[in-house]
Amino acid sequence: MDVYRCMNHPEAPAIGQCRRCGKPICNDCYNLDNGCCRYRCGEIGYAPHTPHRPKSAFWSVIVSLLAILGGLAVLLLAICGAMLFSY
Ligand SMILES: [Zn+2]
Ligand SMILES: [Zn+2]
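Residues numbered from 1 in each chain as written. Chains lettered and ligands numbered in written order. Predicted model: local features only at pLDDT ≥ 70, side-chain atom pairs only at ≥ 80, totals over all residues.

**Concerning the overall build of the chain**
Scanning the chain from N- to C-terminus turns up 1 helix and 4 strands. The order of helices and strands in the chain, counted from the N terminus, is β-β-β-β-α. Taken across its 87 residues, the chain has 13% of its residues classed as buried. The long-range share in the chain, meaning contacts at least 24 apart out of those at least 6 apart in sequence, stands at 3%. (Helix = DSSP H or I, 4+ residues; strand = E, 2+ residues; numbered from the N terminus. Buried ≥ 20, exposed ≤ 12 C-beta atoms within 10 Å, placed from the backbone. Contact = placed C-beta atoms within 7 Å.)

**Details of the UniProt feature "domain: B box-type" (unreviewed entry) in the chain**
The UniProt feature table records "domain: B box-type" (unreviewed entry) at residues 5–29. The annotated region residues 5–29 carries 0% helix and 16% strand content, and the separation between its end C-alpha atoms amounts to 12 Å. (UniProt positions renumbered as here; feature names shortened; annotations may be inferred.)

**Some words on the UniProt feature "transmembrane region" (unreviewed entry) in the chain**
UniProt annotation of "transmembrane region" (unreviewed entry) refers to residues 57–85 when read in the numbering used here. End-to-end, the C-alpha atoms of residues 57–85 are 42 Å apart, and along that stretch the chain is 100% helix and 0% strand.

**Regarding the nonpolar core**
Counting residues in each nonpolar core, the largest one holds 10 residues, listed as Cys-6, Ala-14, Cys-18, Ile-25, Cys-26, Cys-29, Tyr-30, Cys-36, Cys-37 and Cys-41. The residues contacting Cys-6, other than those within four sequence positions of it, are Ala-12, Ala-14, Pro-24, Ile-25, Cys-26 and Cys-29. (Core = buried A, V, L, I, M, F, W, Y, C linked by C-beta atoms within 7 Å.)

**Section: the environment of Pro-10**
Relative to the helices and strands, Pro-10 resides in the segment before strand E1 (16–17). Accessibility expressed as a C-beta count within 10 Å gives 8 for Pro-10, which makes it exposed. With 15 residues separating them along the chain, Pro-10 and Ile-25 place their C-alpha atoms 9.8 Å apart.

Shown next, in the form of structure tokens:
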């Protein structure tokens, strides 16, 4: 059976592959933060802790849409209720 070896440490078995370059890497070289090899891809412009601005902007849009829909639903219910009571 073929055992993958770390690209940096030929004596160490690889525990996984780099998410960026796909090379087998051992426990020492595996960067748990971003799933990349620590010495080659870990530092290259890959920011695992990016600010959550896009997500929060997305959610604020969703929340405002839901608020608008909720307001419309309440308005509709009020109109329906008024129509029911007017008969
Ligand atoms: Zn890599
Ligand atoms: Zn290694």
